[in-house]
Amino acid sequence: MNETAVITESNEDLLTAAGRGDDEAFHRLYQQTNRQVYAYLMRLLNNETLVKDVFVDTYSEIWKSAPKFRSQSPALSWMIGVARNLAMNRLKRIRHYDDIDEPTLELATVDDNSLEQQQTKSLVHGALAQLKPQHREIISLVLLQEYSYQMVADIMDIPLNTAKTRVFYAKELLTKKLTEMGISKNDIE
Amino acid sequence: MTSNDPKWREFIPLYVNGSLSASQRQAFEQALADDPGLQSELDEFRLIGQTLDELPMPDDAEFDQLFRRIESSKPAQLTAPQAVTKQKTGLFEGFRQWLVNPFLAWGVAAAQFIVLALVLVNLLPENEDARYQTLSQTSMRPASSINLVFQPSATMAEISELLRKQGLHIVNGPGVGNHFVVASDTPMNLDPLLEQLRQTDIIRFAEKNLTE
C-alpha cells in the first residue's frame, strides 16, 4: 500500500497513487468519492440504468487515466470531468435514437420524512427531471458538497460569471416548473 | 439588502453545500436575518439539495462490476510507471520473470516427460523375455573361460601339464588360494571339459567364468 495514501487520505494523493498503479489507493479513492460521482451522474442523466453503466465506465476511465492527473485541480473535479465527458458522449448517442428526458427515477424512501415532505420532494424531483440536462447539471454541481463556482465553471468549461448566471437561471426555470405543478414557495418553506 | 443583491444570492448555493468560510457564513446569516426574500430562496435551494441527496446511490453490483473490469484489464494496461520499473530491473530480473512464468514451467514439465519417455523406449530391449537375466540363464552369451582353483599342493609343473593336455591357456593367475582363470585355445563346449577337470586330483573347483 502506498505510504502517502495512508497518511493523508486526500483525494489528490489517492488519485496520484492510483496513477502509479496502487490499486489499494484507487479502492480507497472509490470509497471516498463514489457517492458524489454517482449523485452527479444521477442528476445529469436522470436514468438509473444509464447511470449505472456510465458510472462503471467513469471509474474504469479514472483508473486508466489516473497517471495523467496533475494536482493543479481538485481530484474530485477532475473525476467529475471524466464522468461528464462520458455522460455527454452517451447523451449524444442516445438522443440520436430517443429522448431520455422522460423522468424514470424513483426517490429513495426516507422513513423519518413526513408524507407531505416526501410528496414535495417527489414533485421537486419531477420538476428537475423536466429541466434540460445542462440546467439540471449546473444546479446539481453547485449543490455538491463544498463546490465553488470556479469548480463548476472548470468542469463545464465555461467562464466563472456564466456559471453564476446559469445557476440562477436554471433555478428560476425549476421554480417555474414547480409553480406549474402547483407548488408555491409557501409549500417549500 | 435584498435577495436580489447579487453578492448574497451567489452565496446561497455555497451556504447550502458548506463551502463558505466561517466569516462569509457569519455575514451571510446576518443578511438572512434581515431579508425574508433571501431566506425564502435559501429554503428552495435546500429543498433541491435534499431532493438530490435522496436519489439512489451505487450499490455492491456497481462496485463488483468495476473491480472485475479493472482486474481483467490489468495485464493489458500496465501503466507507464510500472513499465519503467520493469525496464530498470534489467536482464537478470527479466530472466527471473521468464523462469517463474507458469506457461514456461508447464512447458518444461512436458519436455521432461517426452525426453524421459524417449529414453525409456530406447533403453528397453525389444525381446520381452530378455528384459531380466539370471546367472543360470542359457540365453546369456556363452562363457569362453573357466575359473579353476587348484589344490595347495599342486605344483606349477602339474598345473601347466594339465592345461596343455586340455588345450587351455592361463588368462589370469595365479591368484589368492591358487585361483586361475583359463580359456580354451579353440571354441568348444565347456561342459564336458569341466566334468573332466573336476575329476582331476589337483583341482578343487572348476566352473565357467561368467564375469568376463
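About the cut-offs
Residues numbered from 1 in each chain as written. Chains lettered and ligands numbered in written order. Predicted model: local features only at pLDDT ≥ 70, side-chain atom pairs only at ≥ 80, totals over all residues. Helix = DSSP H or I, 4+ residues; strand = E, 2+ residues; numbered from the N terminus. Buried ≥ 20, exposed ≤ 12 C-beta atoms within 10 Å, placed from the backbone. Contact = placed C-beta atoms within 7 Å. Nonpolar A, V, L, I, M, F, W, Y, C, P; charged D, E, K, R; others polar. Axes fitted to C-alpha atoms, helices over the stretch in contact; angles between N-to-C directions. Parallel < 35°, antiparallel > 145°, perpendicular 65-115°, else oblique. Pairing = 2+ DSSP bridges. Core = buried A, V, L, I, M, F, W, Y, C linked by C-beta atoms within 7 Å. pLDDT = per-residue confidence, 0-100.

**Topic: the overall build of chain A**
Thinking step 1. Of the regular secondary structure elements, chain A holds 10 helices and zero strands.
Thinking step 2. Listed N to C, the secondary structure of chain A is α-α-α-α-α-α-α-α-α-α in terms of helices and strands.
Thinking step 3. Per-residue burial for chain A yields a buried fraction of 38% across its 189 residues.
Thinking step 4. Of the contacts formed within chain A by residues at least 6 apart in sequence, a portion of 62% connects residues at least 24 apart.

**Here's the deal with the overall build of chain B**
Thinking step 1. Check the secondary structure of chain B and you find nine helices and four strands.
Thinking step 2. When the helices and strands of chain B are listed from N to C terminus, the series reads α-α-α-α-α-α-α-β-α-β-β-α-β.

**Examining the interface of chain B and chain A**
Thinking step 1. Listed by partner, the interface residues are 33 residues for chain B and 42 residues for chain A.
Thinking step 2. Contributing elements (two or more residues each) for the side of chain B that touches chain A: helix H1 (6-17), helix H3 (36-53), helix H4 (60-73) and helix H5 (80-88) of chain B.
Thinking step 3. Residue contributions to the side of chain B that touches chain A peak at 10 residues, all from H3 of chain B.
Thinking step 4. For the side of chain B that touches chain A, the class distribution of residues is 15 nonpolar, 11 polar and seven charged.

**Description of the packing of helix H8 (residues 149-156) of chain A against helix H9 (residues 160-180) of chain A**
All names here are of chain A.
Thinking step 1. In the contact formed by H8 and H9, the axes pass within 8 Å of each other and the chain directions differ by 100°. With respect to H9, the element H8 is oriented roughly perpendicular. Here Tyr 149, Gln 150, Val 152, Ala 153 and Met 156 of H8 come into contact with H9, specifically with Leu 160, Ala 163 and Lys 164.
Thinking step 2. Here the contact of H8 with H9 is built from residues that sort into six nonpolar, one polar and one charged.

**Details of unusual backbone geometry**
Thinking step 1. In this model, Gly 173 of chain B is joined to Pro 174 of chain B through a cis peptide bond whose omega is 0°.
Thinking step 2. The residue Asp 157 of chain A is not glycine, and still its phi comes out positive at about 60°.
Thinking step 3. Structurally, Asp 157 of chain A is set in the loop between H8 and H9.
Thinking step 4. Residue Asp 157 of chain A is classed as exposed on the basis of its C-beta count, with 8 C-beta atoms lying within 10 Å.

**Some details on the pairing of strand E1 (residues 145-150) of chain B**
Residues and elements named next belong to chain B.
Thinking step 1. Where burial is concerned, most of E1 is hidden: five out of the six residues are buried.
Thinking step 2. Pairing analysis gives five bridges linking E1 to strand E3 (residues 179-184), with the strands arranged antiparallel. Paired with Asn 147 across the two strands is Val 181, which belongs to E3.
Thinking step 3. Inspection of the sheet shows E1 paired to strand E4 (residues 203-208) by five bridges, in the antiparallel sense. When the bridges of E4 are listed, Ile 146 appears paired with Lys 208.

**Here we look at the nonpolar core**
Thinking step 1. Ala 18, Tyr 40, Leu 41, Met 79, Ala 83 and Val 152 of chain A are the most contacted members of the largest nonpolar core, which totals 65 residues.
Thinking step 2. Looking at this core element by element, the count peaks at 12 residues for helix H3 (residues 23-45) of chain A.
Thinking step 3. Beyond its immediate chain neighbours, meaning those up to four positions away, Tyr 40 of chain A contacts Ile 80, Ala 83, Ser 140, Leu 141 and Leu 144 of chain A.
Thinking step 4. Core analysis: the second largest hydrophobic core is formed by 11 residues, Phe 150, Phe 180, Leu 197 and Ala 206 of chain B among them.

**Some words on helix H7 (residues 133-142) of chain A**
Thinking step 1. The buried fraction of H7 of chain A is high, at seven of 10 residues.
Thinking step 2. Of the positions making up H7 of chain A, those classed as buried are Arg 136, Glu 137, Ile 138, Ile 139, Ser 140, Leu 141 and Val 142 of chain A.

**Digging into the sheet that holds strand E2 (residues 168-175) of chain B**
Residue and element names in this part refer to chain B.
Thinking step 1. Sheet architecture is open: four strands sit in the order E2-E3-E1-E4, paired in antiparallel fashion. At either end of the open sheet lies a strand with only one pairing partner, and these are E2 and E4. Here the average twist between neighbouring strands, direction ignored, is 20°.
Thinking step 2. Direction of pairing for E2 relative to E3: antiparallel, over a ladder of five bridges. Across the sheet, residue Leu 168 finds its bridge partner in E3, namely Ser 184.
Thinking step 3. Along the sheet, helix H9 (residues 190-198) contacts E1 and E4; its crossing angle with E4, the most-contacted strand, is approximately 170°.

**Observations regarding the confidence of the model for chain B**
Residue and element names in this part refer to chain B.
Thinking step 1. The predicted model of chain B averages 75 in pLDDT, with 72% of residues at 70 or higher.
Thinking step 2. No element of chain B has a lower mean pLDDT than H5, at 41, and none a higher one than helix H2 (residues 22-34), at 91.
Thinking step 3. Counted against residues more than four places away or in other chains, residues 77-92, with its pLDDT under 50, gives nine contacts.
Thinking step 4. Contacts from residues 132-140, a stretch scored under 50 in pLDDT, to residues over four places away or in other chains number three contacts.
Thinking step 5. As scored by the predictor, the complex reaches a pTM of 0.54 and an ipTM of 0.71.

**Looking at the environment of Lys 7 of chain B**
Residues and elements named next belong to chain B.
Thinking step 1. With respect to the helices and strands, the residue Lys 7 is situated in helix H1.
Thinking step 2. The class of Lys 7 is exposed, set by 10 C-beta atoms lying within 10 Å.
Thinking step 3. Taking C-alpha positions, Lys 7 is 9.5 Å from Phe 28, a pair spaced 21 residues apart along the chain.

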